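Letter by letter, the chains look like this.
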Amino acid sequence: MIVVAIDGPAGAGKSTIAKALAIKLGVRYLDTGAMYRAVTFAAMQSGIDLGAECEVAKLARDCTMELSDDTIIVNGVDATQAIRGPEVTSAVSTVAMNSQVRTELRERQRKWIADHSGGVIEGRDIGSVVFPDATLKVYLTASPLVRAQRRVAQSGGNVDEIALAIAVRDAQDSSREDSPLILTSDAITIDTSSRSIQEVVNELEQFIAQKISDE
Ligand code: DC
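A short tour of the structure in this document, coming up. (Residues numbered from 1 in each chain as written. Predicted model: local features only at pLDDT ≥ 70, side-chain atom pairs only at ≥ 80, totals over all residues. Heavy atoms only, no water.)

A few words on the sheet that holds strand β7 (residues 136-141). Across the sheet, which stays open at both edges, the five strands sit in the order β2-β6-β1-β7-β8 with parallel pairing between neighbours. Looking at strand neighbours, the two that pair on one side only are β2 (29-31) and β8 (188-191), the edges of this open sheet. On average, adjacent strands in this sheet sit at an angle of 20 degrees to one another, irrespective of strand direction. Pairing geometry for β7 and β8, over four bridges, is parallel. Opposite T141, over in β8, you have D191 as the bridge partner. Taken strand by strand, helix α1 (residues 14-25) contacts β1 (3-7), β2, β6 (119-123) and β7, and its axis lies near 175 degrees from that of β6. (Pairing = 2+ DSSP bridges. Helix = DSSP H or I, 4+ residues; strand = E, 2+ residues; numbered from the N terminus. Axes fitted to C-alpha atoms, helices over the stretch in contact; angles between N-to-C directions. Contact = heavy atoms within 4.5 Å.)

What follows is the structure in structure tokens.
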């Protein structure tokens, strides 16, 4: 079973590269950030205070999520667009700090990988906590300016404002107590600032082939 763990800050290219790599390897792709966004969306929909740890955790345990490569259905509602909107984006770090939510989503992520016989899974704590024994652990990064420019190209907005919002979210994701974004010593690091998607995917494929032949 191949499990490729891809971690890194917002805008580093994780989703694009994880999707392309999954296609090349013939496995499925799981975006765990979408799961944290889905819980944030569900909590906002039901009007719960996002800081109410137990209530938000209960909602995370009770909510249904149907994840496919292009869509996410939360409690029967298509939340594909809404989870990428500014309201969810600015609130998601608060939900991601909730340890009970993390426990629930971690279990769902492990089950998803078991049900799909492996896959490419991306997030912040995949190589460090969710799959510490992954076949390959990758830490993707890019310069703050490039990351902000990518987000602007994707969803519009002002590059300085987006850069600031990304910096705030990165700081929250890296400094929280429970499973923060960290670079583990056994991960390969790739700076995607001036690399094409294809180049990075090819490099990762070679790393995986090497790992498999070493085993
Ligand atoms: O990758 P993204 O921007 O869609 O992630 C949304 C938020 O979810 C991000 O601010 C950090 C959090 N997250 C997390 O804490 N752990 C993960 N495995 C994935 C995302």
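Taken together, 16 residues lie near the ligand, and R37, R102, D125, R169 and D173 sit nearest. Separating a nitrogen atom of the ligand from a side-chain N or O atom of D125 is a distance of 2.8 Å. In this structure, an oxygen atom belonging to the ligand sits 2.9 Å away from a side-chain N or O atom of D173. With four residues, helix α2 (residues 32-46) is the single largest residue contributor to the shell around the ligand. Broken down by class, the residue content of the shell around the ligand amounts to four nonpolar, four polar and eight charged. (Near = heavy atom within 4 Å. Polar contact = N/O pair within 3.5 Å; in protein donor to acceptor, adjacent residues only side chain to side chain. Nonpolar A, V, L, I, M, F, W, Y, C, P; charged D, E, K, R; others polar.)

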